[in-house]
Amino acid sequence: MQELKNESSSSFIGRPYNPSEIEEKWQKEWEIRDVFRLKGEGEKKYILVMFPYPSGRIHMGHVRNYTIGDAVARYYRMLGYDVLHPIGWDAFGLPAENAAIEHGVHPAKWTQENISYMKKQLKRLGISYNWEREIDTSSPQYYRWEQLFFIQMFERGLAYRKEGFVNFCERCNTVLANEQVIAGGCWRCGTPIIKKKMWGWFLKITNYADELLSELENLDWPERVKKMQRDWIGRSEGALFRFPVEGLETPLEIFTTRPDTVFGVTFMAVAPENDRVMELTVDGRKREVESFCEKVMRMSKEERGSEVSGVFTGRYAVNPFNGEKIPIWVANYVLPDYGTGAIMAVPAHDERDFEFAKKYQIKIKPVILPYDGTHDFSKSAFTDRGKLINSGEFSSLDSEEAKKKIVQFAKQKGFGDFAVSYRLRDWGISRQRYWGAPIPIIYCEKCGTVPEKPENLPVVLPPKMDDMEEWSKINCPYCGNPARREKDTMDTFVESSWYFLGYLSGDIEKVDFSSHPFNERLVERYMPVDMYIGGIEHAVLHLLYARFFTKVLRDLGYIKISEPFKKLVTQGMVIKDGAKMSKSKGNVVDPDDVVANYGADTARCFILFAAPVEKDLEWSDRGVVGIYRFLNRVWNTLNSIFDIIRKNGDRSFEVDEKNVFLDVSGRVDLLRKSYAYCVLSVEKDMGELGFNTSLARLMEFINSLNDFKEHIQREKLSLSGKDVLCVMGMIAGFLKILSLFAPHISEELWHILKTEIENKKDHKLLSEEKWAITYGLEKFLEEEYITIPVQVNGKLRGEIKVKRGANQSEVVEIAKSDAKVSKYIEGKEIKKVIFVKDKIINIIVS
């Protein structure tokens, strides 16, 4: 083959890296060619990021979320998958309504203006969305189907209305579901919530408690998230006992996990929110009890837990096991969400009951002794396993054995049974706000509470916010008599509980809600979501609701799947100066500024390089500059090499990664080792979402390539034709990998490579190419690199590639940077290292 000699001067060397010009060019080209459309054939991957609320501008948390999703989507497209990677807008919500009140702008107008701006921001980042699948949950065409789902749930008894005590935020002036109360405060504004008695609509998520719990085991989710859901569902096995109440026909039901202590009950305690509080209170004590309840219900959960307090109702229950009279109290530490909202209190064997009994001088009756027979019940409760005493025929039994026998006894006598209780409560979806999906219910004096007729959907909001009262006055669609609509709107989490299916409405070309909520054929092909990416803060809000809603839609006959999200990835926050970015702290970094100054590719690469996906990312302006320099080096190095080749004649060179395997000179072979290590490492890292380590390998290779370029320039060396073909093949593979993280500069350099070096004016875009060839590259590393196992405290935690003969300190550093190994070492002190060169390393930490 013809040899090429290095020649100076070039049309490329003098051309600086211009991100804004390059990025705008390729964003337009991707859109014109519809590169990210669905194919409808081949193996599928549904890669989904949690869609944003259109607040006005995207923040760095959004950039991180969407950049992670885009890198994954681009990777799977290159692997040949038919990738669904959509975006939309969680468009209902309180901020829009508050903005409307503050600025005199209708929530719909405020929302649409925000969507328009944020859409431009996302496009400017080069995220590979198919915008034909965009959805907006505030669109009547969308929530029409949500209203139909509600009606069908109502008809099946899964949606119901009741009066009861609810969580209420006085600042937002609306009800909150239990899951939306975070540390006793409103999930949106942080205001301490109060309990308020109101009518509201609920969805029977409790019907699915067991299934929601058991199917967690089948999900590829972080264990931390699964534990949060398990704890929230809160399944407890125990017993339900019925205690007769003096003067009342209805007994007081309690759930307990400690039936073995029932002979030690010395008082009953009822939550202030319990519906039976006033019924259980004698006339002479109602005012005092009512005042106590009102006071407690204005406390946060933390305040209620700080010190026990209570009030006597004046009434007594009877212990059905021994006939003892037991005073009934209302107590602040009894929560309405546990069991029946009432407890049998056993001060001798429960710490809170003990504290309460001590304060109010209530009898303490031990019924279990430790096996060594020693415990001072005047000082503390005994809560461990032991031997029963003072328990009638059950005395002397082991406490665990006694549990079953005592419940069986109660079952035989008709005042108890085995039972399962859940912490989970039905989902209250009524919101006393305008900007939400109307609940399609009508109240008619003749027909009662009836759903809107499906053919009349959607029930659309009135044009003006203050028209709700007039809007609610209608004629009943069933009898024609005057009636009124439900004025509450649905919790916005209802919209996000099925939006991932909404992306599959219409056909393969675009979404369309005109005739169906989603296309059954598309749902069957693309669901479940293969990878769902978002924040861990949604563990017991959106993620739990979405799982519930999926099961409901399955039971309504819409879909066949039971779980919406196969794999869940929870990314860490973006912080600055050690704190989460917020305007009040003055540490917000505007993505627009970063893109304007350094380009979208720099913003994307920094976000992916600065920290592992699951860790919090500390923002660094110096780090951003460092990434910008790296991309400049990529640009200058590759263009310099292109120039060397191009200036050696008009001949074109085939760009084919297979040429990486040609017989080449020693200096190119050395570069090829660096390339092989880069590509094989990235392939391994991408499977583990190791974007930071993947970028590190790319940086190492570009350094090797730059050294190679400078060497041939300095020494004025010639390259054989095979050398050139091999180098071009390596550059092609490098650009494919880089395109996952920096798609614009990669696309531009690919275009130069194809048009100027290969002389192909009509070529596929890099975004349409297949993944880099990896098979066979191992042979270039056989002499230099080996794989050794890494143990931490004697347990195998991963494998790493190291140079043959690498010393202990080098291997330790490589192990610490490995995604799998680092999580077992990070934040711990390395006490000792056991190292056998080229064989194994065992890192002892404490």
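Relevant structure appears above.
Bear in mind the structure is a predicted one, so any value in this text is a computation, not a measurement. Numbers given to residues run from 1 along each chain, matching the order in which its sequence is written. Totals for whole chains, interfaces and linings use all residues, but because this is a predicted model, local features are given only for residues with pLDDT of at least 70 and pairs of side-chain atoms are given and counted only at 80 or more. As a rule here, side-chain values come from all non-hydrogen atoms in the structure, and water together with hydrogens is ignored.

Student: Got a minute to help me understand the sheet that holds strand 34 (residues 795-803) in this structure?
Tutor: Whenever strands of a sheet pair, they do so through backbone hydrogen bonds, lying parallel or antiparallel. Here, any two strands with at least 2 DSSP bridges between them count as paired. Secondary structure elements are defined from DSSP: runs of H or I of at least 4 residues count as helices, runs of E of at least 2 residues count as strands, and each element is numbered from the N terminus. Reading across the sheet, the four strands line up as 34-33-36-35 and stay open at both edges, with mixed pairing between neighbours. What marks the edges here is a single partner per strand, and that holds for strand 34 and strand 35 (830-836). For this sheet, the mean inter-axis angle between neighbouring strands, taken without regard to orientation, is 20°. Axis angles are defined between N-to-C directions and span 0 to 180 degrees, where every axis is a line fitted to C-alpha atoms and, for a helix, only to the segment in contact.

Student: Quick question: what am I supposed to make of the sheet that holds strand 3 (residues 82-84) here?
Tutor: Spatially, the four strands line up as an open sheet ordered 3-2-27-28, and their pairing is parallel. Each edge of the sheet is formed by a strand with only one pairing partner; in this case those strands are strand 3 and strand 28 (568-570). Looking at each pair of strands side by side, their axes are set apart by 20° on average, direction ignored. The pairing of strand 2 (residues 44-49) with strand 27 (residues 531-534) spans three bridges and is classified as parallel. Among the inter-strand pairings, Leu-48 is bridged to a residue of strand 27, identified as Tyr-532.

Student: I would appreciate a short explanation of the packing of helix 19 (residues 621-646) against helix 22 (residues 721-738) in the present structure.
Tutor: The relative placement of two packed helices comes down to the angle between their axes together with the axis-to-axis distance. Axis separation between helix 19 and helix 22 bottoms out at 12 Å; the angle between their running directions is 155°. In terms of axis orientation, helix 19 runs roughly antiparallel to helix 22. The handedness of the crossing between helix 19 and helix 22 is left-handed. Of the residues in helix 22, those touching helix 19 at Phe-630, Val-634, Leu-638, Ile-641, Phe-642 and Ile-645 are Val-724, Val-727, Met-728, Ile-731, Phe-734, Leu-735 and Leu-738. Side-chain classes follow a simple rule in which Ala, Val, Leu, Ile, Met, Phe, Trp, Tyr, Cys and Pro form the nonpolar group, Asp, Glu, Lys and Arg form the charged group, and the remainder, Gly included, forms the polar group. When the residues that make up the contact of helix 19 with helix 22 are grouped by side-chain class, the tally is 13 nonpolar, no polar and no charged. When describing relative orientation, an angle under 35 degrees is termed roughly parallel and one over 145 degrees roughly antiparallel, while 65 to 115 degrees is termed roughly perpendicular and anything else oblique. Helix crossings get a hand from a simple test, with the near helix turned counterclockwise from the far one by less than a right angle marking a left-handed crossing and a clockwise turn marking a right-handed one. Pairs of residues are marked as contacts when any of their non-hydrogen atoms sit within 4.5 Å.

Student: Could you clarify how one ought to interpret the environment of Glu-41 in this entry?
Tutor: Note on placement: Glu-41 falls in the loop between helix 1 (19-33) and strand 2. Glu-41 gets classed as exposed once you look at its relative accessible area, which sits at 60%. A C-alpha to C-alpha distance of 8.7 Å links Glu-41 and Tyr-81, two positions 40 residues apart in sequence. Ignoring anything within four residues of it in the chain, the contact list for Glu-41 reads Asp-82 and Arg-525. Here's how the labels work: a residue is buried when its accessible area is under 20% of the maximum for its type, exposed when over 50%, partly exposed in between, all with a 1.4 Å probe on protein chains only.

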